[in-house]
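So you can see what is in the structure, the chains are spelled out below.
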Amino acid sequence: MTGAGRIRRVAGPLVEVDGAGPAAMNDLIALGADRLPGEVVAIRDGMLSVQAYEYTGGLAPGAVAVPQGRPLSAELGPWLLGGVFDGLLRPLSSAQRWLGPGAYQRDGGRTWHVRPVVTAGVRVAAGDVLAVAGVPGPLAHRVLVPPDVAGAVEHVVAAGEYPPDATLAVVAGTPITLTESWPVRRPRPARGRSETVEPLHTGQRVLDLLFPVTRGGTAAVPGGFGTGKTVLLQQLAKWCDADIIVYVGCGERGNEMAEIVADLLELIDPRTGGRLADRTVIIANTSNMPMMAREASIYTGITVAEYFRDMGYHAVVIADSTSRWAEALREFASRTGELPAEEGYPANLASALAAFYERAGAVDTLGGRPGSVTVLGAVSPPGGDTTEPVTAHTERFVSCRWSLDRDLAYSRHYPAVSWSASFSRDADALGARYVATGDVRWSVQRGRMVRLLAEADRLVALTELVGVGALPGHERMAVLGGRLLREAVLQQNALSDNDGFCTAAKSSALVDAVLAVIDRCQDVVTSGVPATVVEEIDFGPLIRAREDSAPDDTATAGLRRDAILARLEELR
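All right, on to the layout of surface pockets then. Estimated volume of the largest pocket: approximately 750 Å³. Along the walls of the largest pocket sit 29 residues, with Met-25, Val-41, Gln-51, Glu-338 and Asn-348 positioned nearest its centre. Broken down by secondary-structure element, the contributors of at least two residues to the lining of the largest pocket are strand E2 (14–18), strand E4 (36–44), strand E5 (47–52), helix H4 (291–309), helix H5 (322–336) and helix H6 (349–358). The element contributing the most residues to the lining of the largest pocket is E4, with six residues.

What follows is the structure, encoded as structure tokens:
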């Protein structure tokens, strides 16, 4: 067998190969009789160090290893939407077994209706649309000219049903099919970064009002066990205004991932009324699956997102969680004998995280269409320690940090996003964008909320020492204002039809109502009314306005505000 080598040593996912033919870093290599996939990660004196992407039990020294002459790549095509795949983008929904070689086979008999949009003789460039493939759901699947191809269309098929490997067109001698293969570790090219700043509306008030993220931005969601990471990520998958959702379950428990998959497949898309799965790609690489396929899964996920970005769509990658990915790096590094850095992680952890998040961005695609990839990565620090390396390095490379607080979660305040430990580097750019379009309200509201919450937190810490009764009236009103902002605005019920999602207009109305009530409380106390009298007023109707009004209802908050303002006026 030309170019074949022999396995010398097997240590879990690490396989050492001797005597193989020409091979380069990151090349794919087939291991043993079952041709288990592996990737070359080191070359020294003719010895190849390979990380295997399958369970290596039964793989013995002396077995054949054959370099494939190409890097680890993902097969991309119209079958992705609505599908469930493993970390190497092999379909799980059609697999008879989730573990073991040969279990992943794509349905080769399936066909798609293809409608060409070009004719023979026209000249096309990289990224131009050749045809549209029919897929379920509201999105058109565009068959594009590959990035390295340009020239005249020599042949194009008639409209009809075609399998994945059928030649749809020939451009400058290159056949184009429904299937495109792309190396997962290599970013797909674009014309350049877009200078347009657009918000990614998540429907979660605490994020949209205080810690917004742009389309093409990045966000980390660190939080310990039980703080609500998975529920928050599911809310983002359901409600954010992205065209494509790529959900990567990276190293999570199998039963938890099964529940997430079942939920995502059953959810109704609030934007279209159809299935949310019709614009969702699920990559499931659970903790009982091969460990190094977990390491590849986040690259596979972002490659899928870039594929749809190039069609002109806005994609969101939700990685749950990058901590499990980093643990796979650490385990493999220990087997290869790398010098460990902080807490045993490899020394290249920071650069690997930076390279991953760098692939996010809003771009002008090769075909001239705007598109974006936004990356939202969950981080699961052991024991909730946010100073550990994965969390600390991640926050250096992301534009937003949505830190989940254990105390908030245990007090049943959800989403448990800490307003003191979170940040958004996109807020200033978005504020300038709103001002440029004539909307100054968002920046004013955000600034006032940040100041009020910080002042309330300072005073609450003080009351733990001296008691609330020792505070002057205006400071007691600041404490009251902080409580109203938390309970009437920032808190949100994911299980409520009215409150699970919130439009920007309703969020603004709720904030306006609460700020107006806080201002009137301060005025009343300043006029001589005792703070205890103001504190005895029932603010419940205002707090319940978020759940009593529809997601786009702006009137209810105003009516509740006016009623409480009138009650406060009676105290003068």
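Take a nonpolar patch on the surface next. Side chains of Val-435, Val-440 and Val-444 sit close together on the surface and give an oily, nonpolar patch of about 240 Å² of accessible area. Locating Val-444 in the fold gives a position in helix H10 (residues 441–466).

On to the sheet that holds E5, then. Adjacent strands of a sheet form backbone hydrogen bonds with each other and so pair up, either parallel or antiparallel. Judged by pairing direction, the barrel is antiparallel, and its six strands sit side by side in the order E1-E2-E5-E4-E3-E6 before closing back on the first. Geometrically, the sheet is characterised by an average inter-axis angle of 45° between neighbouring strands, direction not taken into account. Taken together, the four bridges between strand E3 (residues 27–31) and strand E6 (residues 64–71) define a ladder with antiparallel strand orientation. Its bridge partner lying in E6, Asp-27 is registered against Pro-71. Packing of H5 onto the sheet brings it into contact with strand E1 (5–11), E2, E4 and E5, and relative to E2 it is tilted by some 45°.

The subject of this paragraph is the packing of aromatic side chains. Counted according to the given criterion, the structure contains six aromatic pairs. Each ring, one from Tyr-434 and one from Trp-442, has its centre 5.1 Å from the other, and the planes form 45°; the classification is tilted. The buried category is assigned to Tyr-434, whose relative accessible area is 16%. Between Arg-330 and the ring centre of Tyr-345, over which it is positioned, the NZ or CZ distance is 4.3 Å.

With that settled, the discussion passes to the packing of H10 against helix H11 (residues 473–490). The interhelical angle for the contact between H10 and H11, taken along N-to-C directions, is 120°, at an axis separation of 8 Å. Taken together, the axes of H10 and H11 lie oblique to each other. Considering how the two elements wind past one another, H10 and H11 form a crossing that is left-handed. In this structure, H10 contributes Met-449, Leu-452, Leu-453, Glu-455, Ala-456, Arg-458, Leu-459 and Val-460 to the contact, and H11 contributes Glu-475, Ala-478, Val-479, Gly-482, Leu-485, Arg-486, Val-489 and Leu-490. Of the residues assigned to the contact of H10 with H11, the class counts are 11 nonpolar, one polar and four charged.

Following the criterion strictly, the structure yields zero disulfides and no others. Of all cysteine sulfurs, the one in Cys-240 lies closest to Cys-250, which takes part in no disulfide; the gap is 20 Å. Here Cys-250 falls in the buried class, since its relative accessible area comes to 0%. Unpaired in terms of disulfides, Cys-502 finds its nearest cysteine sulfur in Cys-240, a separation of 15 Å. The class for Cys-502 is buried, based on a relative accessible area of 0%.

Enumeration over the complete set of coordinates arrives at 32 salt bridges. Among the ionic pairs, Glu-198 bridges to Arg-433, the shortest N-O distance being 2.9 Å. With Glu-198 in the loop between strand E18 (192–193) and helix H1 (205–210) and Arg-433 in helix H9 (residues 427–436), this pair connects stretches of sequence that are 235 residues apart. A relative accessible area of 30% places Glu-198 in the partly exposed class.

Take the sheet that holds strand E14 (residues 160–162) next. Spatial ordering of the open sheet is given by E12-E11-E9-E14, a layout of four strands whose pairing is antiparallel. Across the chains shown, the open sheet's two edge strands, defined by having one partner strand only, are strand E12 (141–144) and E14. Strand-to-strand twist in this sheet, taken as the mean axis angle between neighbours without regard to direction, amounts to 40°. Alignment of strand E9 (residues 112–116) against strand E11 (residues 129–133), held across three bridges, turns out to be antiparallel. Directly across from Val-114, in E11, lies its bridge partner Ala-133.

For the rest of this paragraph, the subject is the pairing of strand E24 (residues 370–379). When you tally the buried positions in E24, you get nine out of 10 residues, the bulk of the element. The pairing of strand E23 (residues 361–364) with E24 spans four bridges and is classified as antiparallel. Across the sheet, the residue bridging to Asp-364 is Pro-370, located in E24. Counting the residues that bridge the hairpin from E23 to E24 gives five residues, and of these Gly-368 lies at a positive phi of roughly 85°.

Within the structure shown, the criterion is met by two cavities of 30 Å³ or more. Taken as a whole, the largest cavity spans an internal volume of roughly 50 Å³. Grouping the amino acids of the lining of the largest cavity by side-chain chemistry returns five nonpolar, three polar and two charged. Taken as a whole, the second largest cavity spans an internal volume of roughly 30 Å³.

With that out of the way, let us pick up the nonpolar core. Residues Leu-80, Leu-130, Phe-308 and Trp-325 are the most contacted members of the largest nonpolar core, which totals 76 residues. Residue contributions to this core peak at 11 residues, all from H4. In terms of nonpolar packing, the next biggest core, distinct from the first, is built from 73 residues, Leu-207, Ala-284, Leu-404 and Leu-452 among them.

Scoring rules and cut-offs
- Residues numbered from 1 in each chain as written.
- Predicted model: local features only at pLDDT ≥ 70, side-chain atom pairs only at ≥ 80, totals over all residues.
- Heavy atoms only, no water.
- 1 Å grid on protein atoms, 1.4 Å probe; cavity = no way out; pocket = protein on both sides within 12 Å on 5 of 7 lines; lining within 4 Å.
- Points joined across faces, edges and corners; volume = space filled by probe spheres on them.
- Helix = DSSP H or I, 4+ residues; strand = E, 2+ residues; numbered from the N terminus.
- Patch = residues over 30% accessible without salt bridge, like charges linked within 9 Å, V, L, I, M, F, W, Y side chains within 5 Å.
- Areas by Shrake-Rupley, 256 points an atom, 1.4 Å probe, with all protein chains shown as cover.
- Salt bridge = Lys/Arg side-chain N within 4 Å of Asp/Glu carboxyl O.
- Pairing = 2+ DSSP bridges.
- Axes fitted to C-alpha atoms, helices over the stretch in contact; angles between N-to-C directions.
- Contact = heavy atoms within 4.5 Å.
- Phe/Tyr/Trp six-rings, centres within 6.5 Å; stacked < 30°, edge-to-face > 60°.
- Buried < 20%, exposed > 50% of the residue type's maximum accessible area, 1.4 Å probe, protein only.
- Lys NZ or Arg CZ within 6 Å of the ring centre and 35° of its normal.
- Parallel < 35°, antiparallel > 145°, perpendicular 65-115°, else oblique.
- Left-handed = near helix turned anticlockwise from the far one by under 90°.
- Nonpolar A, V, L, I, M, F, W, Y, C, P; charged D, E, K, R; others polar.
- Disulfide = S-S within 2.5 Å.
- Core = buried A, V, L, I, M, F, W, Y, C linked by side-chain atoms within 4.5 Å.

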